[in-house]
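Observations on the model geometry
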Amino acid sequence: MVKKNTCIFISGYGSNLKYLINNSRNENFPIKISLVVSNNKKAKGILHAKKNSIPYLIIDTKKRNFENIVLRELRKYKISLICLAGYMKIISKKFLNSYGKMIINIHPSLLPKFRGLNTFKRVLKSKEKKTGCTVHFVNEKLDGGIKIIQKSFFINKKDNEEIIKKKTQKLEHRAFSEAIIKIFRYN
Ligand code: GAR
């Protein structure tokens, strides 16, 4: 199998990145993680890239030409899939068009519910019965592209924000890889 060169964008802890790295070691998993991009130089997730000798790029999104720098690296590593794994910046329309290939994102809610930030707080406040995570294609609308996979669980009365976050992220770690397998199943 020829694995697709993939770039993972992160901003923080990088637990999704860690699971993707582990799964990508399987010869039947369709992607190779060739590059990690972080907009936060202090992101813990960078350690996973370092530990696994994966090239990484730290970007300063305040700089006017940062997108061109990223695009150049994506070309250099022949990237054909970008996974946003806790990347807390909006991908611009210009970047989407210039890159022109697949970008997917993981979001900690059952989209279209609870787009944007502070998801867990809002889920609890609105007394949802169920919550979960969604992996979807990225388009110009925030958390708005076509769904690839969704996983859910029932919320217990005793669940607080921290518990919901833990349960959601546990599902995310499976959902991201399953979504990637689904995308490339027939390729
Ligand atoms: C994940 O829960 C992901 O769904 C969320 O950030 C977390 C990153 O965790 N993303 C968003 O909220 C994007 N809107 P990680 O750094 O441990 O993978």
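For the structure, see preceding data.
We now turn to the structure provided with this report. (Residues numbered from 1 in each chain as written. Predicted model: local features only at pLDDT ≥ 70, side-chain atom pairs only at ≥ 80, totals over all residues. Heavy atoms only, no water.)

Topic: the site of the ligand
In the region of the ligand, the neighbouring residues are Tyr13, Gly14, Ser15, Asn16, Gly86, Met88, Ile106, His107, Pro108, Gln169 and Glu172. Between an oxygen atom of the ligand and a main-chain N or O atom of tyrosine 13, the distance comes to 3.5 Å. Within the side chain of serine 15, one N or O atom sits 2.6 Å away from an oxygen atom of the ligand. Expressed as a share of its isolated accessible area of 450 Å², the protein-covered part of the ligand is 89%. Of all the secondary structure elements, the ones that give two or more residues to the shell around the ligand are helix H1 (15-24), strand S5 (102-107) and helix H6 (161-184). Partitioned by chemical class, the residues of the shell around the ligand number four nonpolar, six polar and one charged. (Near = heavy atom within 4 Å. Polar contact = N/O pair within 3.5 Å; in protein donor to acceptor, adjacent residues only side chain to side chain. Areas by Shrake-Rupley, 256 points an atom, 1.4 Å probe, with all protein chains shown as cover. Helix = DSSP H or I, 4+ residues; strand = E, 2+ residues; numbered from the N terminus. Nonpolar A, V, L, I, M, F, W, Y, C, P; charged D, E, K, R; others polar.)

Quick look at the packing of H1 against H6
Orientation of H1 relative to H6, taken along the N-to-C sense of each, is 45 degrees, at an axis distance of 9 Å. Between H1 and H6, the interaxial angle falls into the category oblique. Note on packing geometry: the crossing formed by H1 with H6 is right-handed. Contacts between H1 and H6 involve Ser15, Asn16, Tyr19, Leu20 and Asn23 from the first element and Gln169, Glu172, His173, Phe176, Ser177 and Ile180 from the second. (Axes fitted to C-alpha atoms, helices over the stretch in contact; angles between N-to-C directions. Parallel < 35°, antiparallel > 145°, perpendicular 65-115°, else oblique. Left-handed = near helix turned anticlockwise from the far one by under 90°. Contact = heavy atoms within 4.5 Å.)

Notes on the pattern of salt bridges
A full pass over the atoms with the stated rule returns six salt bridges. Lysine 76 is the partner of glutamate 73 in a salt bridge, and the nearest nitrogen-oxygen pair spans 3.8 Å. A residue pair is termed a helical-turn pair when its members lie 3 or 4 positions apart in one helix, as glutamate 73 and lysine 76 do in helix H3 (residues 66-76) at three residues. On the basis of relative accessibility, which here comes to 14%, the residue glutamate 73 falls in the buried class. With a shortest N-O distance of 2.9 Å, aspartate 159 and lysine 167 are connected by a salt bridge. Exposure remark for lysine 167: the relative accessible area of 27% places this residue in the partly exposed category. Put simply, Lys151, Arg174 and Glu178 are held in one network by salt bridges that share partners. (Salt bridge = Lys/Arg side-chain N within 4 Å of Asp/Glu carboxyl O. Buried < 20%, exposed > 50% of the residue type's maximum accessible area, 1.4 Å probe, protein only.)

Let's talk about unusual backbone geometry
Cis geometry marks the peptide bond from leucine 111 to proline 112, where omega comes out at 15 degrees. One can find proline 112 in the loop between S5 and helix H5 (119-125). Positive phi outside glycine occurs at lysine 78, with the angle close to 50 degrees. Structurally, lysine 78 is set in the loop between H3 and strand S4 (81-84).

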